[in-house]
Amino acid sequence: MELRQLEYFRVIAETESIHEAARRLNMSQPPLSYQLKQLEAELNVTLFERTRQGVRLTEAGKLLYDRSANLLEYVKSTELEVAKVGKKQVLRLGITPTTVATIMPCVSLFSRRNPDVNFEVHDGITYTLYRYLMDGIIDISIARTPLRLDDVDYKILSSEPMIAVSSKDMLPEKNGSLKLSDLLNIPLIIYRRYEALIMDAFHSRGMEPDLFCVCDDPRGAMLWAKEGLATAIFPQSMSSLCQGLRIQPLAESDLETQIAVIWKKGRKLSPLLQDFVDACMESIL
């Protein structure tokens, strides 16, 4: 299986047409069809169903499409790193949207210590970055619990509560922390990443929340909260992004999450990665 064949395969999948793929690749259709047949023969699977409209991925094709993105990204990253040998090193780092504010002092300290290091940063949810870590796309990642830690080595950087974020007239002002019972009968926006954690906390207390929205992007949900549509529940480290909103901590220990730096289990850290972990631990203390 050649990298060129994977690149051809992805263009065909994205255009759903061998003819259009050939045009975009600036090549004639017969050699492109030949490369596709060679790839299918080598893998011993059918990657596309032929239809009147063009081609459509089979289940095997969908799997290869998902995996090939990581493979090609890894090649691109490796080419970049090799090209910089003798110039600058590259640290391939994963950062989740809800840990950016927490981790930036660590990155800053590490960068001051290592001015010859460049960064290749992958943004994504914890589960996506976990897969990138297992596939070798990134060297190390910042993650947040809940997360299965069996296949990684890690250092816990910090723990923090959840916060309730709302427009000023959505929640009654209350001194100190809120309890989940204070949020009953109030429409809530929940970030999908923490849906199970939050719902379990409500249910363990025999309560059923009023879910207005379950979303995939906490930053977008803040805009909903600003419109007064609902109260959002987020990790406390996102409070710096909630300008103009009322922020109240939730005093429920089972809603606390931990931020960790993780790397593939059993991997001996290079001096560069060890220095990054050390910088993280020092910055958090």
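Numbers given for residues are sequential positions, taken from 1 along each chain in its written order. In keeping with the predicted nature of the model, local features appear solely for residues at pLDDT of at least 70, side-chain atom pairs appear and are counted solely at 80 or more, and the whole-chain, interface and lining totals rest on all residues. Heavy atoms from the whole structure form the basis of all side-chain values; hydrogens and water molecules are not counted.

Novice: When you look at the sheet that holds strand S6 (residues 152-160) in this model, what are you seeing that I'm missing?
Specialist: Within a beta sheet, neighbouring strands are joined by backbone hydrogen bonds and run either parallel or antiparallel to one another. When DSSP finds at least two bridges between two strands, those strands are taken to pair. Strands here mean DSSP runs of E at least two residues long; helices mean DSSP runs of H or I at least four residues long; both are numbered from the N terminus. Taking strand neighbours across the sheet as the criterion, the five strands line up as S4-S3-S5-S12-S6 in an open arrangement whose pairing is mixed. Each edge of the sheet is formed by a strand with only one pairing partner; in this case those strands are strand S4 (117-123) and S6. Strand-to-strand twist of the sheet, defined as the mean angle between neighbouring strand axes without regard to direction, takes the value 20°. Where strand S3 (residues 89-95) and strand S5 (residues 140-144) come together, two bridges link them in parallel fashion. Note on S5: the bridge partner recorded for Gly94 is Ser141. Sheet strands in contact with helix H9 (residues 271-284) are S3, S4, S5, S6 and strand S12 (257-264), and its direction is about 20° off that of S6. Orientation is described by axes fitted as lines to C-alpha atoms, over the contacting stretch for helices, and by angles from 0 to 180 degrees between their N-to-C directions. Contacts are assigned to residue pairs with any non-hydrogen atoms lying within 4.5 Å of each other.

Novice: Just checking my understanding: could you explain the layout of surface pockets for this structure?
Specialist: Picture a little ball the size of a water molecule; that probe, rolled over the atoms, points out where space is still empty. A cavity here means a set of points on a 1 Å grid, drawn over the protein atoms and nothing else, where a 1.4 Å probe fits but cannot get out; a pocket is an open set with protein on both sides within 12 Å along at least five of seven lines, and a residue lines either one if it has an atom within 4 Å of a point. Grid points are joined across faces, edges and corners, and a volume is the space filled by probe spheres set on the points. For the largest pocket, the calculated volume is near 180 Å³. Around the largest pocket, the lining residues are Leu43, Val45, Leu47, Ala60, Leu63, Leu64, Arg67, Asn70, Leu71, Tyr74, Asp135 and Ile137. For the lining of the largest pocket, the element with the most residues is helix H4 (residues 59-83), which contributes seven residues. Its residues assigned to classes, the lining of the largest pocket comprises nine nonpolar, one polar and two charged. Gly is placed with the polar residues, together with every amino acid not listed as nonpolar (Ala, Val, Leu, Ile, Met, Phe, Trp, Tyr, Cys and Pro) or charged (Asp, Glu, Lys and Arg).

Novice: Got a minute to help me understand the sheet that holds strand S8 (residues 187-191) in this structure?
Specialist: Taken in spatial order, the five strands make up an open sheet running S9-S8-S10-S7-S11, and their pairing is mixed. The two strands at the open ends of the sheet, each matched to only one other strand, are strand S9 (210-215) and strand S11 (246-249). Between one strand axis and the next, the sheet turns by 30° as a mean value, whatever way the strands run. Pairing between strand S7 (residues 162-166) and strand S10 (residues 231-235): four bridges, direction antiparallel. Within S10, the position partnered with Ile163 by the bridge is Phe234. Against the sheet, helix H8 (residues 218-226) contacts S7, S8, S9 and S10, and its axis sits at roughly 165° relative to S8.

Function-wise, these values are silent; they only describe arrangement.
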